[in-house]
Each structure stands twice: as structure tokens, then as C-alpha cells.
Amino acid sequence: MYIEKLKVRPRQVAAVRPCTPQLAAMLACWSASGDLMATDACAESAKALMSCMRTAPAPTRKHKPTINYHLARLGKTLN
């Protein structure tokens, strides 16, 4: 079925997460020590992760239109 005025937007690129390297370092430290409760061995990476999380901006959600909004738009083009 071909609809002349129907447009599809391309997918958005994944957002960059600000504390990913610090989290990866923390997980690597836990993996290397073999103990999730290893506070002495992973204290430095834990401090780096906590400081990054404190300074990182809070994520904001964009308003997503409801399915009814999209159906109403589609109904206008089909009629």
C-alpha cells in the first residue's frame, strides 16, 4: 500500500552515557577480584564512579506522543 503523504523518520542514534568508562572500570575491578563485596581493592574505582554520578547531568525524558495521536494523524492521510 502506498500513501503519498506518509513519512517515516529514521531511528535516532543511541545517546552517549557520561559515566560508562567509570562503570566499566568498577565492573572490571569486581571481576578481577572475584568478590562483589571487595571494598578495599575497588575503592579507587568506586570513588571515581560516585564522583562521576554526582556531577553528571540528570537524564531528561522527551514527551512521546501517544498511539492515539499517531492514529489520528494517519486517519487524516487515509481519508
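Bear in mind that the values here come from a model prediction, so they are computed numbers and not experimental data. (Residues numbered from 1 in each chain as written. Predicted model: local features only at pLDDT ≥ 70, side-chain atom pairs only at ≥ 80, totals over all residues. Heavy atoms only, no water.)

A. A look at the overall build of the protein chain. When helices and strands are tallied, the protein chain shows 3 helices and 0 strands. Traced from its N-terminal end to its C-terminal end, the protein chain shows the element sequence α-α-α. Relative to a compact globule of 79 residues, whose C-alpha radius of gyration would be 12 Å, the protein chain shows 23 Å and is clearly more extended. Taken along its principal axes, the extent of the C-alpha atoms in the protein chain is 70 × 25 × 20 Å. Per-residue burial over the protein chain gives 11% buried out of 79 residues. Only carbon and sulfur atoms are counted for the fraction: they give 60% of the accessible area of the protein chain, which is about 7800 Å². Here the protein chain holds 12 positive side-chain charges and 4 negative ones, and the gap between their average locations is 23 Å. (Helix = DSSP H or I, 4+ residues; strand = E, 2+ residues; numbered from the N terminus. Rg over C-alpha atoms; globule rule 2.2 N^0.38 Å. Buried < 20%, exposed > 50% of the residue type's maximum accessible area, 1.4 Å probe, protein only. Areas by Shrake-Rupley, 256 points an atom, 1.4 Å probe, with all protein chains shown as cover. Lys, Arg positive; Asp, Glu negative; His and termini not counted. Charge placed at Lys NZ, Arg CZ, Asp CG, Glu CD.)

B. Local environment of the nonpolar core. Ranked by size, the top nonpolar core spans 6 residues in total: C19, M26, C29, C42, L49 and C52. Sorting the residues of this core by element identifies α1 (20-33) and α2 (43-55) as the ones contributing at least two each. Discounting residues that sit within four places of it in the chain, C29 has contacts with A41, C42 and S45. (Core = buried A, V, L, I, M, F, W, Y, C linked by side-chain atoms within 4.5 Å. Contact = heavy atoms within 4.5 Å.)

C. Main features of the layout of surface pockets. Each pocket or cavity is described by its volume, and for the largest pocket that value is around 1100 Å³. Here the residues of the lining of the largest pocket sort into 14 nonpolar, 5 polar and 8 charged. (1 Å grid on protein atoms, 1.4 Å probe; cavity = no way out; pocket = protein on both sides within 12 Å on 5 of 7 lines; lining within 4 Å. Points joined across faces, edges and corners; volume = space filled by probe spheres on them. Nonpolar A, V, L, I, M, F, W, Y, C, P; charged D, E, K, R; others polar.)

D. Expanded view of the state of the cysteines. A complete count under the given rule lists 2 disulfides for this structure. Disulfide pairing is shown between C29 and C42; the S-S distance is 2.1 Å. Its S-S torsion of approximately -100° makes the covalent link between C29 and C42 left-handed. On the criterion of sequence distance, the pair formed by C29 in helix α1 and C42 in the loop between α1 and α2 is long-range, its members being 13 residues apart. A single burial state applies to C29 and to C42, both of which are buried. In the protein chain, the bonded cysteines, taken in the order they occur along the sequence, pair up as 1-4, 2-3. (Disulfide = S-S within 2.5 Å.)

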